[in-house]
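Breakdown of the fold
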Amino acid sequence: MSSHSELKTSQDVHLRAKQIKSLIRSLKQKIKKIEREGEVAPANCHIIRYQVNRKGTIYWYYKLQAAESIFPMATNNEKKTKYKYLGRAGSSAHIDAVEKLTRRNLIDELERVIQSLTESYLDIYIGTETE
């Protein structure tokens, strides 16, 4: 009787593992699809809004900010900066950066889910060894 329940448990483990692997494959395909849609912003970047006051008039501008100096400087391409100027709201550079950053954020979230599922996959087999 115990061999029947062990077989059923073993089949259940393999089924759960197969479902997780299938989901991971599906999420990786989604990442590839997002990457085909267009350029992806570098990791650890975000768009910041800043204010300039000229002769009593306030102007708002946007720039892409990275955690490290990765963008070529406007004045010297050999030097790098953390910032990439995007201009005013709705400019082509601003909209382009928003689209790239949106793709980056979607990919980052999918990669976090894949990492979590990978850990779950390992838990299935580690958990069955101790049972």
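See above for the structure.
Below or above, wherever it landed, is the structure these notes cover. In this text the structure is predicted, and so the values were computed from the model without any measurement. (Residues numbered from 1 in each chain as written. Predicted model: local features only at pLDDT ≥ 70, side-chain atom pairs only at ≥ 80, totals over all residues. Heavy atoms only, no water.)

Glancing now at the pairing of strand β2 (residues 57-66). On any regular strand, side chains alternate: one points to one face of the sheet, the next to the other face. In terms of strand pairing, strand β1 (residues 45-54) meets β2 through 10 bridges, oriented antiparallel. Its bridge partner lying in β2, Cys45 is registered against Ala66. (Pairing = 2+ DSSP bridges. Helix = DSSP H or I, 4+ residues; strand = E, 2+ residues; numbered from the N terminus.)

Let's shift gears to the environment of Gln65. Within the secondary structure, Gln65 sits in strand β2. For the pair Gln65 and Glu39, spaced 26 residues apart in sequence, the C-alpha separation works out to 17 Å. Other than its neighbours up to four places away in sequence, Gln65 contacts Asn44, Cys45, His46, Ile48, Lys82 and Tyr83. (Contact = heavy atoms within 4.5 Å.)

Now for the pattern of salt bridges. By the definition in use, this model includes 6 salt bridges. Across the salt bridge formed by Asp108 and Arg104, the nearest N and O atoms sit 3.1 Å from each other. Taken together, the residues span about one helical turn, with Asp108 and Arg104 both in helix α2 (residues 92-130) at a distance of 4 residues. Taking the shortest distance from any N to any O, the salt bridge between Glu109 and Arg112 comes out at 2.7 Å. Remark: Arg112 and Glu109 occur in helix α2; sequence separation between them is 3 residues, near one turn of the helix. (Salt bridge = Lys/Arg side-chain N within 4 Å of Asp/Glu carboxyl O.)

Sheet architecture is open: 3 strands sit in the order β1-β2-β5, paired in antiparallel fashion. The open sheet has two edge strands with one neighbour each: β1 and β5 (83-87). The sheet shows a mean angle of 35° between the axes of neighbouring strands, taken without regard to direction. (Axes fitted to C-alpha atoms, helices over the stretch in contact; angles between N-to-C directions.)

All told, the structure shown has 3 aromatic pairs when counted by the stated rule. Ring geometry for Tyr50 against Tyr61: centres 6.0 Å apart, planes inclined by 35°, an arrangement best described as tilted. In this pair, Tyr50 is assigned in strand β1 and Tyr61 in strand β2, connecting sequence segments 11 residues apart. Judged by its relative accessible area of 23%, Tyr50 is partly exposed. Judged by centre distance (6.1 Å) and plane angle (40°), the ring pair of Tyr61 and Tyr85 falls under tilted. With Tyr61 in strand β2 and Tyr85 in strand β5, this residue pair connects regions lying 24 residues apart in the sequence. According to the relative accessible area criterion, Tyr61 is buried, its value standing at 10%. Taken together, the ring pairs in this structure connect Tyr50, Tyr59, Tyr61 and Tyr85 into an aromatic cluster. (Phe/Tyr/Trp six-rings, centres within 6.5 Å; stacked < 30°, edge-to-face > 60°. Buried < 20%, exposed > 50% of the residue type's maximum accessible area, 1.4 Å probe, protein only.)

The general pattern is negative phi for most residues beyond glycine and trans for most peptide bonds. The backbone of Asn44 shows a phi angle near 60°, a positive value even though the residue is not glycine. Assignment of secondary structure puts Asn44 in the loop between α1 (2-37) and β1. The backbone of Lys55 shows a phi angle near 50°, a positive value even though the residue is not glycine. Along the chain, the position of Lys55 falls in the loop between β1 and β2. You can call Lys55 exposed: its relative accessible area is 87%.

Everything listed here is a matter of coordinates, which is why it stays silent on function.
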